[in-house]
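Residues per chain are reported as follows:
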Amino acid sequence: MEKAVSCDTSRYHNLGAAEKCTEETEERSKKLFVPDVEIYCGTMRSLRRGAVALLRFITCVCALHRTSALNIPLEVLSYVNIEQLPTITDQSPSSLIAFPFDESFPVTCEAKGNPEPEFRWSKNGQEFDPSLDPRLIKEENSGTFVIPNNGNLTEYQGTYRCYASNKLGTAISREIEFIVPNVPKFPKEKHDPVVVEEGQPFTLQCNPPKGIPPLQIYWMTISLQHIEQDERVSTGLNGDLYFSHAIEKDSRRDYCCFAAFPKIRTIVQKTAMSVIVNTKKSDMTDGAANAILQRRPSLLTPSGDQSQQQLVKGEDLKLECIAEGIPTPQVEWLKIGHRLPPKAMKENHGKLLIVPKVNQDDSGKYMCKAKNGIGEAVHYFIVRVEEPPEWVFEPESQLSMVGSDVLIRCSATGTPKPAITWRVNGVLLQDSPAENRKFFDDTIVLYNAKASDSAVYQCEASNRHGTLLSNANIMVMNLPPMILTKEGEEYPPSTISWSKDESPDSIQVQELRSTVHDNGTLEIYSVEKGDTGQYTCWAKNIEGSSAIEAQLYVKDPTHIVVAPEDQQILIGNTAQLSCQAEYDKSFSDDFELLWEKDDVEIALNYTEDSRYLIEDGILHIVNVSHEDQGVYTCVARSSVDQDTASALLLVLDVPDAPENLVLTEHKGRSVKIKWIPGDDHNSSTTEFIIEYEESQWEPGNWKELLRVPGNHNSAILKLQGHVDYCFRVSGVNTVGRGAPSEPTERYKTPPAAPDKNPENIRIEGQLPHEMDINWEPLVPIEHNGPGLEYKVSYRQQDVDLVWTEHMVKRHSFVVKNTPTFAPYEIKIQAKNHQGWGPEPNIVLGYSGEDFPSAAPDDVAVEVLNSTVVKVSWIRVHRDKLHGHLGGYRINWWRLRSLVDSKKNHGEKFAVTFPGDHNYGTIPGLTPFSEYSLIVMTFNGRGNGPGSHPVNFKTPEGVPEKNPVFRVTDVQKHTVALAWAPPFEPNGILTGYLLEYQLINDTEEMEPLQTVDISNPLTTKWILRDLEPLSKYRFYLRSCTTVGCGPVVSEECSTASESSKSASLTPASVPKSRVTKPTRSTIGLTSSHEGISTQGWFIGLMSAVALLILSILIACFVNRNKGGKYSVKEKEDLHPDVESQGMNDDTFCEYSDNDEKPLKGSQQSLSREIKVGDSGDSLVDYGEEDAQFNEDGSFIGVYAGQKEKRAPVDIKDTAQIPA
């Protein structure tokens, strides 16, 4: 808002007159109040600082003269014959519509200037010369051309702009859009009849074609009779015809939509539509009987709970709510937090709210509420009013002296904020640079202007709602003196200056944010805090001077930066409404943040019982109840201003219990129930649940009977006979299920024959010559009367023609003396004293099964690999199954290992193949073994006989990993290794693959060295020529002709000169024959430090080694003779390798890693091998894998019915140097 305190000095001709002007100014300033600024002479006042308050004036006495720049009105030019810039004097409107009934369409552009301006045009941004088109009429000495209406006008459609130029500059017109409208037409289409049930809502769509507004919609018949419209029937803003509920008279075949376009004098008609309303008579039954007499409202338009509408200032706001329901809903309108604007009008029976010529005050949140006696429906509209550009400062034409500074200001407001585009002589400013021209915010400054700076400056402000264009003629020249006063009048020249805070220096006009106007007004742009102070206006002439003072304070406006938002919250929870405000800190003692509910301030007592709490600007509402629903307003208030923000709090809850339940239309076993729905608490009811309770079978137990949609308030209930009912209803919404209503009065139905027969009939046969029939009995309420019985009827399919019948009261029956597994037809019918139930369905079943009597033939085995075989057979004929085929089963067992010639039946295994198969695979077999198998079929009774056994052999495979791999002696350049053969060689052992590699200081692996041991009896090896004090890793694998098995590894570091040694003690050999042990052992002995270096000890150890070798040879001989020995003997003769300990310097570790490490891999963590006791028993039978204790000794497991493993002995073979 622009205000100034000023006076007119033209009435005064001397200093005394100037003083009178000053006094008058002071008196007027005391009476003047401007929002956000109050200026009193000699007193202090505050000025709010903000984006809206951009212009502030402090005005003193005016003068006729200023010395810094001379701005002479352009009318002065009429006194002298000098050159003038072009000025647009006439132009066409921004939109030019080519109506078909007009003869021609002038595109106007007139201008003046000296010299006379020349004209040119652009079309869609490209040069356009009307004189080159012979069809266009061009006027002389004018920019106007005329488009005749004598042909295709579409080629002239586009956006035009006129340029008027002379040697001084160029003026431009606004953009002129030439629009050639199309003739609107409805598409040719065929409409299927709209079929609707009586009482249901429906809509007839118009979908009018696009055309030049305004558009007017009429619904009429083919005979041009208007369709009667009322509260039930109405036309929407989109042209559709809405019916709140259908009635019989709505049926007709000639609903026509007419669209009228008055500006082009055109009316078009849509193809007629047909409506058929199915009426529901009171005597109709079943599906047609559920007529709904009442229904709560729901909105046909708009959809959803909330919508947004955006319009331009000055337009008419039109909000529409059309609802359906029975009775026809009434529509109410509210503006949240405010009253409806006084200019608001309601039309279309209250369904349309019109607010004419809206402005910013009409923005906000509106609500429509459609309600009838059953319920209500609401919709919220968020209305935003935007504005086209409006000038705040329109650039003005100026005549300035050479050498002066010229300021050209252009500023516009609007929503959204307009974009400002500057041009000079029609060319974008950035494309026409000038050294003395600077651009600051909304102002162009020409410093030390020259005559060549004369030009036409164009400022264009535009947003999505429109465009403003202003041409400012800037003339820079020197003029000879001219007398402008009237004859006989004298005006002593005076000067105006301003100072601030008692500074002797005047405020410089050149400062970009301030200007002293011709009348002496000081204007400060974009006020800042630094502008606070005392301002003095000085008026001086030859007679003296006078001054006036005013105090200016600039304060920050109070502004809510975080506004509360609309919320929906469940009852019982805590609601939180946020509000944060910014304000001038000088108001800290006076600022307060308040909350209001429905325009009443909320009292905060901060007691334990208080449910309101404000913390950090957040309003907490504890344990929200229905009374807390409403509009909450945050008020941020200082001593001089305030800001508010509102939010709607809706409390959600389950629906209230329905009321006024009434039973009507009693028709024996049906009754109609009606109710009035309870409040849905801001969450629409989605369905109603109708429950019943009967007094005979389960009194007090409520059960669900029916569910109906949430917009219904009645239903037809189909009931059982001979039951004393009462009913209740509860509503369901998105929050949950509400409390039930009070129960109705009791209603007892008469007895009747059963409505249904037993279900889930099951036919089973426990014995070959019996058939058990079971079914799910009718629940008591389904009896429909006393004396319930069941008639069981059966006959053998395709054999018996007559049904055998039995009456029973229980829900099972056994038929005896039936053929084995014969098909029967069964049906069961219910009966009571009132009669028979409906005709039952026939169920097919079979009598009892017997075991299959035949085995599969031609059993064959195909060996796929060393562990998997495929077994095939010929299926058993269905006549031999004597029941439902369950599938086939294969039983197999291992006879022996092919390494050992002695047969020994192992554990039996089985695999089942459900269904009809003639082959199957057996996985997981042991390589190099002989097996036997049989195949049988089975049914529900059990297995049939097995086929003839088939023997087969599996080929060789790779061996298992070695169970023991140890370092037995470590020296400076040698390492001794020992191992045990694999428990399952899975073939004939051909030898061992021993590999080793050096691990350097960086833990990287050196290349692998390989030793191929071809003697399968070798169980120890000495590696020589190793690096001293170095770490090595050793790998061992057992091999057959198929390949080598998994790897085991060991790590060890070679010793220094004084390191201890460890020797290998061969296993003792029993005198009797040795069968293959499942846990081979190798012992290590540890001697005290220094003994290994004594000669006598070395000799003694050599003798012991020779003795052990002799014992092993004797053991081998006895084994070949078939000798036996007890488990105790085996345990005594095979001491544990690890029980003998090892040298402390060996740092060795056992690893059963299956993967051989690659070069560069990390070494395993090293740990010492603990000394443990030997004596763990060997296993002759068992499928379990060998295991180790934590100290590495064997864990043996005895198990009966297990297969013996092939014998493998540790031989004391000669050591071969590596």
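Just so you know, these numbers come straight off a predicted model, no measurement behind them.

Parameters and conventions
- Residues numbered from 1 in each chain as written.
- Predicted model: local features only at pLDDT ≥ 70, side-chain atom pairs only at ≥ 80, totals over all residues.
- Heavy atoms only, no water.
- Disulfide = S-S within 2.5 Å.
- Helix = DSSP H or I, 4+ residues; strand = E, 2+ residues; numbered from the N terminus.
- Buried < 20%, exposed > 50% of the residue type's maximum accessible area, 1.4 Å probe, protein only.
- Phe/Tyr/Trp six-rings, centres within 6.5 Å; stacked < 30°, edge-to-face > 60°.
- Lys NZ or Arg CZ within 6 Å of the ring centre and 35° of its normal.
- Pairing = 2+ DSSP bridges.
- Axes fitted to C-alpha atoms, helices over the stretch in contact; angles between N-to-C directions.
- Patch = residues over 30% accessible without salt bridge, like charges linked within 9 Å, V, L, I, M, F, W, Y side chains within 5 Å.
- Areas by Shrake-Rupley, 256 points an atom, 1.4 Å probe, with all protein chains shown as cover.
- Salt bridge = Lys/Arg side-chain N within 4 Å of Asp/Glu carboxyl O.
- Lys, Arg positive; Asp, Glu negative; His and termini not counted.
- Charge placed at Lys NZ, Arg CZ, Asp CG, Glu CD.
- Core = buried A, V, L, I, M, F, W, Y, C linked by side-chain atoms within 4.5 Å.
- Contact = heavy atoms within 4.5 Å.

With that settled, the discussion passes to the state of the cysteines. Scanning the entire structure with this criterion turns up 6 disulfides. Here cysteine 206 connects covalently by a disulfide to cysteine 257, the sulfurs 1.9 Å from one another. Between cysteine 206 and cysteine 257, the S-S dihedral sits near -70 degrees, and the bridge is therefore left-handed. With a gap of 51 residues between them, cysteine 206 in the loop between β15 (202–204) and β16 (216–220) and cysteine 257 in strand β19 (residues 252–261) connect regions that are remote in the sequence. What makes cysteine 206 buried here is its relative accessible area of 0%. Each sulfur in the disulfide pair cysteine 321 and cysteine 368 lies 1.8 Å from the other. Disulfide cysteine 321-cysteine 368: the torsion about the S-S bond is -75 degrees, which places it as left-handed. With cysteine 321 in the loop between β24 (317–320) and β25 (322–326) and cysteine 368 in strand β29 (residues 364–371), the pair connects residues that are 47 residues apart, well separated along the chain. Each member of the pair, cysteine 321 as well as cysteine 368, carries the same accessibility label: buried. Between cysteine 256, a free cysteine, and cysteine 257, which holds the nearest cysteine sulfur, the sulfur-to-sulfur gap is 8.9 Å.

It is worth spelling out the packing of aromatic side chains at this point. With the rule as written, the count across this model stands at 28 aromatic pairs. Relative to tyrosine 1032, the ring of tyrosine 996 has its centre 6.4 Å away and its plane inclined at 55 degrees; by these criteria the two rings are tilted. With a gap of 36 residues between them, tyrosine 996 in strand β79 (residues 991–999) and tyrosine 1032 in strand β82 (residues 1031–1039) connect regions that are remote in the sequence. In this pair, the class of tyrosine 996 matches that of tyrosine 1032, namely buried. Ring pairing ties together the aromatic residues Trp121, Phe128, Phe145 and Tyr160, which thus form one cluster. Taking NZ or CZ as reference, lysine 585 lies 4.6 Å from the ring centre of tyrosine 583, over its face.

Turning next to the pairing of strand β53 (residues 630–637). Side chains on a regular strand alternate between the two faces of the sheet. Within β53, 7 of the 8 residues are buried, which leaves it mostly tucked inside the rest of the structure. Bridge analysis of β53 against strand β54 (residues 642–652) gives 8 bridges, and the strand direction is antiparallel. Across the sheet, the residue bridging to tyrosine 632 is alanine 647, located in β54. Two successive antiparallel strands, β53 and β54, enclose a turn made up of 4 residues.

As summarised here, the arrangement of the 3 strands in space is β47-β52-β51, forming an open sheet in which the pairing is antiparallel. The open sheet has two edge strands, β47 (575–578) and β51 (612–615), and neither has a second partner. Strand after strand, the sheet turns through a mean of 20 degrees between neighbouring axes, direction not considered. Relative to strand β52 (residues 618–621), β51 runs antiparallel, the two sharing 4 bridges. Along β52, the bridge assignment pairs leucine 613 with histidine 620.

Moving on: a negative patch on the surface. Where like charges cluster on the molecular surface, the negative patch consists of Glu376, Asp656, Glu659 and Asp679. Considering the arrangement of structural elements, one finds aspartate 679 in the loop between β56 (670–676) and β57 (687–694). The partly exposed category is assigned to aspartate 679, whose relative accessible area is 45%.

Trp121, Phe145, Ile147 and Phe178 are the most contacted members of the largest nonpolar core, which totals 28 residues. Of all the secondary structure elements, the ones that give two or more residues to this core are β3 (84–91), β5 (104–107), β6 (109–114), β10 (145–148), β11 (158–166) and β13 (176–179). Once residues lying within four places of it in the same chain are set aside, the contact partners of phenylalanine 178 are Leu96, Ala98, Phe105, Ile147, Leu153, Tyr156, Gln157, Gly158 and Tyr160. If you look at the next biggest cluster of nonpolar residues, it comprises 23 residues, including Val196, Phe202, Ala246 and Val268.

Looking now at the pattern of salt bridges. One pass over the full model with this rule turns up 44 salt bridges. Here glutamate 839 and lysine 827 are joined by a salt bridge, their closest N and O atoms 3.5 Å apart. One end of the pair, glutamate 839, is in the loop between β68 (835–836) and β69 (843–846); the other, lysine 827, is in strand β67 (residues 823–832), and 12 residues separate them in sequence. By relative accessible area, which is 57% here, glutamate 839 ends up exposed. Across the salt bridge formed by aspartate 850 and arginine 941, the nearest N and O atoms sit 3.7 Å from each other.

This part takes up the sheet that holds strand β9 (residues 137–138). Spatially, 3 strands are ordered β5-β10-β9 in an open sheet, and the strand pairing comes out antiparallel. The sheet is open, and its two edges are formed by β5 and β9, each paired on a single side.

Geometry only, nothing functional implied.
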